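# Secondary and tertiary structure notes
Now for the letters of each chain:
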Amino acid sequence: MRNRDKIFTKGKVTVLGDSVPKGLYLEKGKVMRVQRSAVDLLAEKYGVRIENSSAFGQMLKKCMEKGLVDRWIAEAAPADTLVLSLGGNDCDYDWQEVAKTPLAPHMPKTPYPEFVHLLSAVCAKLRRAGHVPVFTSLAPIDARRYFEEVICRRADGERVMQFFCGDLSNITRHQEAYNSAVCRAALSGGIFLDFRTPLLLRPDYRELLSDDGIHPNARGHEEIAAALEAPIAGAIRRAV
């Protein structure tokens, strides 16, 4: 790819993501924001211009429907980089609908086959335009905390547990499938920035999450930034 030697160093970096790269989280149902997100910390460390176009609730599906990737390609300079940090909302469910009929089949907001197709499509678009696809991993979650602090605030938890067949690990396994899809898409011809693995290897990783169990807290953002230093530094070394 002709612009691989320019990644992160000679153009503007844009992050198109959800609430995690934006530094948002939920506390007692209220949207809060950390003072300095991992994106802010990395921009400061490497002196890179980063436009953080992330938003609460953003999904890959919505980005493609709105033409956000096409718009970025049309406006980007050859050396610019787009980092996609999406998937956590795509794999989520409408929990109120699940609770209504917990024994019926339900699809995530972006069904897995469609999500894989969209990842392939966005990679193809970026490569055709001469840009290297760059993706981040999904943040690890605490299924129990997410169930109690988010799902049960929106729907009847007992009925949702019927959908899970009484096994909360369905939440983490389901999310892991989407993370694996992102990893495969990135490694097929792009760059994968994995902060998930270093966090999961920490016995205390749950302490890096906010009360909702799905968004990193301030300390979590510091650890995400630290985990991404090595892969970003490696990309920069290849570019100079």
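Anyway, here's the lowdown on the structure attached to this text. Note that the structure is a prediction, hence the values are computed from the model and not measured. (Residues numbered from 1 in each chain as written. Predicted model: local features only at pLDDT ≥ 70, side-chain atom pairs only at ≥ 80, totals over all residues. Heavy atoms only, no water.)

For the protein chain, the helix and strand inventory stands at 11 helices and seven strands. Counting only residues that meet the buried cut, the protein chain has 53% of its 240 residues in that class. Summarising the internal contacts of the protein chain: among those between residues at least 6 apart in sequence, 78% fall at separations of at least 24. Accessible surface, the protein chain as shown: approximately 11,300 Å² in total, 52% of it carbon and sulfur. When the 34 basic and 30 acidic side-chain charges of the protein chain are each reduced to a single mean position, those positions are 6 Å apart. (Helix = DSSP H or I, 4+ residues; strand = E, 2+ residues; numbered from the N terminus. Buried < 20%, exposed > 50% of the residue type's maximum accessible area, 1.4 Å probe, protein only. Contact = heavy atoms within 4.5 Å. Areas by Shrake-Rupley, 256 points an atom, 1.4 Å probe, with all protein chains shown as cover. Lys, Arg positive; Asp, Glu negative; His and termini not counted. Charge placed at Lys NZ, Arg CZ, Asp CG, Glu CD.)

Attention now moves to the layout of surface pockets. Approximately 620 Å³ is the volume found for the largest pocket. Every element with two or more residues in the lining of the largest pocket is listed here: helix 1 (19-22), helix 7 (143-154) and helix 9 (169-187). Of the residues forming the lining of the largest pocket, the biggest block, four residues, is contributed by helix 9. Its volume calculated, the second largest pocket comes out at about 280 Å³. Lining the second largest pocket are 13 residues, and of these T14, E51, S53, W72 and E75 lie nearest its centre. Of all the elements in the fold, those that place two or more residues in the lining of the second largest pocket are strand 1 (13-17) and helix 4 (68-75). A breakdown of the residues in the lining of the second largest pocket according to their chemical character gives five nonpolar, three polar and five charged. (1 Å grid on protein atoms, 1.4 Å probe; cavity = no way out; pocket = protein on both sides within 12 Å on 5 of 7 lines; lining within 4 Å. Points joined across faces, edges and corners; volume = space filled by probe spheres on them. Nonpolar A, V, L, I, M, F, W, Y, C, P; charged D, E, K, R; others polar.)

Position of F56 among the secondary structure elements: in the loop between strand 4 (50-52) and helix 3 (60-65). Overall, F56 belongs to the partly exposed group, its relative accessible area being 40%. Each C-alpha atom of the pair F56 and V182 lies 19 Å from the other, and the pair is 126 residues apart in sequence. Ignoring any residue separated from it by four or fewer positions in sequence, one finds F56 in contact with S19, L24, L26, V31 and H215.

Let us now look at the nonpolar core. Counting residues in each nonpolar core, the largest one holds 25 residues, and the members touching the most others are L60, L84, L119 and F135. Within the residue set of this core, elements represented by two or more residues are helix 3, helix 4, strand 5 (81-85), helix 6 (112-128) and helix 9. Ranked by residue count, the leading element in this core is helix 6, at six residues. The contact partners of L119, leaving out residues within four places of it in the chain, are L60, F135, A181, V182 and A185. V15, V20, V48 and L199 belong to the second-largest nonpolar core, a separate cluster that totals 21 residues. (Core = buried A, V, L, I, M, F, W, Y, C linked by side-chain atoms within 4.5 Å.)

Bringing empty space enclosed by the protein into the picture now. On inspection of all chains with the given rule, the structure shows three cavities of 30 Å³ or more. Together, 21 residues line the largest cavity, and V15, V39, L42, L228 and I232 are the ones closest to its centre. Those elements that provide at least two residues to the lining of the largest cavity are strand 1, helix 1, helix 2 (38-46), strand 5 and helix 11 (218-239). Tallying contributions element by element places helix 2 first for the lining of the largest cavity, with five residues. Grouping the constituent residues of the lining of the largest cavity by class yields 18 nonpolar, three polar and no charged.

Tallying each qualifying case throughout the model produces 16 salt bridges. One salt bridge connects K109 with D92, and the closest N-O pair in it is separated by 3.8 Å. Of this pair, K109 sits in the loop between helix 5 (95-100) and helix 6 while D92 sits in the loop between strand 5 and helix 5, and the two are 17 residues apart along the sequence. With a relative accessible area of 11%, D92 lands in the buried category. In this structure, E176 engages R196 in a salt bridge whose closest nitrogen and oxygen atoms are separated by 2.8 Å. (Salt bridge = Lys/Arg side-chain N within 4 Å of Asp/Glu carboxyl O.)

Reading across the sheet, the five strands line up as 4-1-5-6-7 and stay open at both edges, with parallel pairing between neighbours. Each having just a single partner strand, strand 4 and strand 7 (191-193) make up the two edges of the open sheet. Taken over all neighbouring pairs, the strand axes of this sheet differ in orientation by 25 degrees on average, direction set aside. Of the strand pairs in this sheet, strand 1 and strand 4 are connected by three bridges, and their pairing is parallel. Residue pairing across strands places T14 opposite E51, the latter belonging to strand 4. Sitting on the sheet, helix 4 touches strand 1 and strand 5, and the angle it makes with strand 5 is about 165 degrees. (Pairing = 2+ DSSP bridges. Axes fitted to C-alpha atoms, helices over the stretch in contact; angles between N-to-C directions.)

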